[in-house]
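Next come the chains, spelled out residue by residue.
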Amino acid sequence: MASKEDAPNAAAPLVGIVMGSRSDWETMQHAAQKLDALGVPHEVRIVSAHRTPDVLFDYAATAQSRGLRAIIAGAGGAAHLPGMLAAKTAVPVLGVPVQSKALNGMDSLLSIVQMPAGIPVATFAIGNAGAANAALFAAALLASSHPQIGASLEAFRSRQTDDVANNDDPRK
Ligand code: RP5
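Since we're looking at a predicted model, the values are computed, not measured.

Before going further, it helps to examine the environment of Ala-11. Note that Ala-11 resides in the segment before β1 (15–19). Taking the C-alpha atoms as reference points, Ala-11 and Val-40, 29 residues apart in sequence, are found 9.0 Å from one another.

Below you can see the structure in the form of structure tokens.
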């Protein structure tokens, strides 16, 4: 399933980024950018709960054996993708509500976050911040077993802190 474009290096993907539609990429690219920056091998796929349900089932059923350790799933509107993936795999699913046009993403958020007890989806903020944070969270999940990723995450956070400290006058 992996292609040459999937990861900044040739390593097998540890994280899957999936989304319900090509239109979600504008949001989900922020997850991919963060994983790229942290050197986390990942793959990117369009997997729709409604339009390609069999692909969803296959993706979830093979995720663990293919080596995925987290799945970042973004969807908008009636956003069933993260919950259905979580129903079919024990790999942790991180849900990103895409900002829908009709209801500004409140529909996406509520349909991802309101899971029944027993099938958890870790749900992030609506939109770009949620996609970026899901990637950072996936890196944090991997940090203890992959020290290089842990070091990259620590360096990122340290740079972020320095950026604020070195630019603390909002008039400049
Ligand atoms: C969802 O429907 C997708 O996740 C997307 O956010 C939304 C709209 O999809 P398109 O009509 O743009 O393909 O399944």
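The element helix α3 (residues 81–88) is extensively covered by neighbouring structure, given that six of its eight residues are classed as buried. Here α3 has its buried residues at Leu-81, Pro-82, Gly-83, Met-84, Leu-85 and Ala-86. Those residues of α3 that are buried lie in contact with β1, α2 (53–63), β3 (70–75), β4 (93–97) and α4 (106–113).

A few words on the site of the ligand. With respect to spatial proximity, the complete set of residues near the ligand consists of Met-19, Gly-20, Ser-21, Ser-23, Asp-24, Ser-48, His-50, Ala-75, Gly-76, Gly-77 and Val-98. For the shell around the ligand, a count of residues per class yields three nonpolar, seven polar and one charged.

In this section: the nonpolar core. The nonpolar side chains of soluble globular proteins are, as a tendency, buried together. Ranked by size, the top nonpolar core spans 48 residues in total, and within it Ala-31, Ile-71, Ile-72, Leu-81 and Ala-138 carry the most contacts. Element by element, the count of residues in this core is highest for helix α5 (residues 128–143), at seven residues. Not counting residues up to four positions away in its chain, the partners in contact with Leu-81 are Val-18, Gly-20, Val-47, Ala-49, Leu-56, Ala-73 and Ala-75.

We now examine the pairing of β4. Counting buried positions along β4 gives five out of five residues, so the element sits mostly inside the fold. Direction of pairing for β3 relative to β4: parallel, over a ladder of five bridges. For Gly-74, the partnering residue across the bridge sits in β4 and is Val-96. Taking the sense of rotation as the criterion, the β-α-β connection linking β3, α3 and β4 turns out right-handed. Of the strand pairs in this sheet, β4 and strand β5 (residues 122–123) are connected by two bridges, and their pairing is parallel. Considered in β5, the bridge of Leu-94 is made with Ala-122. A crossover links β4 with its parallel partner β5, the connecting element being α4, and its sense is right-handed.

Before going further, it helps to examine the UniProt feature "binding site: substrate" (unreviewed entry) in the protein chain. Listed under "binding site: substrate" (unreviewed entry) in the UniProt record, and renumbered for this structure, are Ser-21, Asp-24 and Arg-51. The greatest C-alpha distance among the residues just named is 14.4 Å, despite their covering 31 residues of sequence, which places them together in space. Looking at where Ser-21 falls in the secondary structure, it is placed in the loop between β1 and α1 (25–38). Ser-21 sits in the partly exposed class, given 17 other C-beta atoms within 10 Å. If near-sequence neighbours (up to four positions away) are discounted, Ser-21 is found in contact with Ile-46 and Ser-48. Structurally, Asp-24 can be placed in the loop between β1 and α1.

The rules behind the values
- Residues numbered from 1 in each chain as written.
- Predicted model: local features only at pLDDT ≥ 70, side-chain atom pairs only at ≥ 80, totals over all residues.
- Helix = DSSP H or I, 4+ residues; strand = E, 2+ residues; numbered from the N terminus.
- Buried ≥ 20, exposed ≤ 12 C-beta atoms within 10 Å, placed from the backbone.
- Contact = placed C-beta atoms within 7 Å.
- Near = placed C-beta within 6 Å.
- Nonpolar A, V, L, I, M, F, W, Y, C, P; charged D, E, K, R; others polar.
- Core = buried A, V, L, I, M, F, W, Y, C linked by C-beta atoms within 7 Å.
- Pairing = 2+ DSSP bridges.
- Right-handed = clockwise from strand over helix to strand, strands pointing away.
- UniProt positions renumbered as here; feature names shortened; annotations may be inferred.

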